[in-house]
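# Secondary and tertiary structure notes
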Amino acid sequence: MLLTVIASFSGCITPVEEGSKIKVTDAVGREVEIPAKVERIVSLSPDATRILIALGEGKKVVGVESYAKRCPVLRHVYPEIEDIPDVGNPWQGTLSLEKLAELNPDVVFVYGTLTEVADKIQSEFGIPTICTYRTVKDLDDFLATVKLVGKVVGKEEDAEKIADYISARFSELEEKASFVQEKPKVLVLGPTATKENLRVMVGETPFTLKYAGGINVASEIPRSYGSAPMASVSFEQVALWNPDVIIIHAMSTLTPGDLITDSQWKDITAVKDKRVYKVFVGYVGYDPALLVTQAMHMVKALHPDLFDWDFEEEANEVFEVIYGVSGIYTRLQEDFGLSEV
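Note that this is a predicted model, so its numbers are computed, not measured.

### Notes on the sheet that holds strand S5 (residues 107-110)
Pairing between sheet strands relies on hydrogen bonds along the backbone, with the strands arranged either parallel or antiparallel. Pairing in this open sheet of four strands is parallel, and the strands run S4-S3-S5-S6 from one edge to the other. Lying at the two open borders of the sheet, with one neighbouring strand each, are strand S4 (61-64) and strand S6 (129-131). The average undirected angle you get between the axes of adjacent strands in this sheet is 20°. Taken strand by strand, helix H1 (residues 46-54) contacts strand S3 (41-43), S4 and S5, and its axis lies near 135° from that of S3.

### Some thoughts on the side chain of Ser-339
Residue placement: Ser-339 occurs in the segment after helix H14 (328-336). Relative accessible area serves as the criterion here: at 12%, Ser-339 is assigned to the buried category. From its side chain, Ser-339 meets the backbone nitrogen of Lys-278 in a polar contact 2.7 Å long. Discounting residues that sit within four places of it in the chain, Ser-339 has contacts with Pro-256, Val-276, Tyr-277, Lys-278, His-297 and Gln-333.

### A closer look at the pattern of salt bridges
Throughout the structure, instances matching the rule amount to 16 salt bridges. Residues Glu-172 and Arg-169 are paired through a salt bridge, measuring 3.4 Å at the closest nitrogen-oxygen approach. Separated by three residues within a single helix, Glu-172 and Arg-169 lie in helix H7 (residues 156-177), roughly one turn from each other. Using a relative accessible area of 26% as the deciding quantity, one classes Glu-172 as partly exposed. With a relative accessible area of 2%, Arg-169 lands in the buried category.

### Regarding helix H6 (residues 139-152)
With 14 residues, H6 extends 20 Å from end C-alpha to end C-alpha; this agrees with the ideal 20 Å at 1.5 Å per step. Within the span of H6, buried status applies to Leu-139, Phe-142, Leu-143, Thr-145, Val-146, Leu-148, Val-149, Gly-150 and Val-152. Backbone nitrogen of Asp-140 and a side-chain oxygen of the N-cap are separated by 3.1 Å at the start of H6; the cap is Asp-138. Gly-154 occupies a position one or two residues after H6 and carries a positive phi of about 70°.

### Brief notes about the nonpolar core
Counting 83 residues, the largest nonpolar core has Ile-130, Ile-166, Ile-247, Phe-319 and Tyr-323 as the members making the most contacts within it. In terms of residue count, the dominant contributor to this core is helix H12 (residues 288-302) (10 residues). Counting 20 residues, the second largest nonpolar core, distinct from the first, contains Trp-265, Ile-268, Ala-270 and Val-271.

### A few points about the packing of aromatic side chains
As enumerated under the stated definition, the model contains 13 aromatic pairs in all. Ring geometry for Phe-207 against Tyr-286: centres 5.5 Å apart, planes inclined by 65°, an arrangement best described as edge-to-face. Here Tyr-286 lies in the loop between strand S12 (276-279) and H12 and Phe-207 lies in the loop between strand S8 (199-201) and helix H8 (208-211), a separation of 79 residues in the sequence. Arranged with centres 6.5 Å apart and planes meeting at 15°, the rings of Phe-319 and Tyr-323 form a pair that is stacked. Remark: Tyr-323 and Phe-319 occur in helix H13 (residues 311-323); sequence separation between them is four residues, near one turn of the helix. In terms of burial, Phe-319 and Tyr-323 fall into one category: buried. By way of ring pairs, the aromatic residues Tyr-67, Trp-91, Tyr-111, Tyr-133 and Tyr-283 are connected into one cluster. Across the ring face of Phe-307, the terminal group of Lys-176 is positioned such that the distance to the ring centre comes to 4.5 Å.

Scoring rules and cut-offs
Residues numbered from 1 in each chain as written. Predicted model: local features only at pLDDT ≥ 70, side-chain atom pairs only at ≥ 80, totals over all residues. Heavy atoms only, no water. Pairing = 2+ DSSP bridges. Helix = DSSP H or I, 4+ residues; strand = E, 2+ residues; numbered from the N terminus. Axes fitted to C-alpha atoms, helices over the stretch in contact; angles between N-to-C directions. Contact = heavy atoms within 4.5 Å. Buried < 20%, exposed > 50% of the residue type's maximum accessible area, 1.4 Å probe, protein only. Polar contact = N/O pair within 3.5 Å; in protein donor to acceptor, adjacent residues only side chain to side chain. Salt bridge = Lys/Arg side-chain N within 4 Å of Asp/Glu carboxyl O. Expected span 1.5 Å × (residues − 1). Core = buried A, V, L, I, M, F, W, Y, C linked by side-chain atoms within 4.5 Å. Phe/Tyr/Trp six-rings, centres within 6.5 Å; stacked < 30°, edge-to-face > 60°. Lys NZ or Arg CZ within 6 Å of the ring centre and 35° of its normal.

What follows is the structure, encoded as structure tokens:
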């Protein structure tokens, strides 16, 4: 039934007067005047880039930051991302504002943590610049950005459909998980491209875990504003937490087998019970489809009896509904060795 929610977008565009402008309030409260008809976009926000492609607006993206070109989801759902000019990375100090300006965009998207970059682009080049959320604390933050991007490109109805679909899937998970009497303690290991096993996700990250009916044992460690939601901890701390379940981020080269066969970890409950899973927990922000499937993957790992659906089949459906491309989750599973549940 959910597949029918946004299986086909209307694609209708309301005629607008040439040169007309509209005002939008971005995710950090900045009021920005933009062309009523946006044709050229530079996206310095991977989330915005993914949302634009989900909305069928990929051809309007004329420039991106470096991360988007390496995004595992975008490389599968929109191979054309490889041909879009790279204007550099605002987090790593490689952003070229001159190159950005040469692309002559109608609008630029940037993360809300980079308001100074947004203001600089507007003041120096006169290019309207929209900030997306600062950091996702809950589902509403992300859904607001979906609708914001939709408004900027005149796809408000389609954006609303995507937001409604995501919301419905999360409501389904949350309702089932609400019946769980005792929530398992979960440790989320999040090293990138290494086998480091004591780098953990902290604070409210990933927020999807609460919808899956789990408790992040590292939530007591505060997240530094604007930084990666990670912290290094001692093994002694892990032993004190003694998690029931361990989730390894897909971008890590660490595998469940590495922990299960590590003698140091043998007395940790999750390892003893072999409840160690590799899950795709985002990539430089959130993807509208991956956001849903990561929560589904977690809930199936934490509470296997709550749902009787075939997870891989369901996950592929989510990507097909949002991006219109089939078999994406299966490809990600093969690429990153994601755990079957």
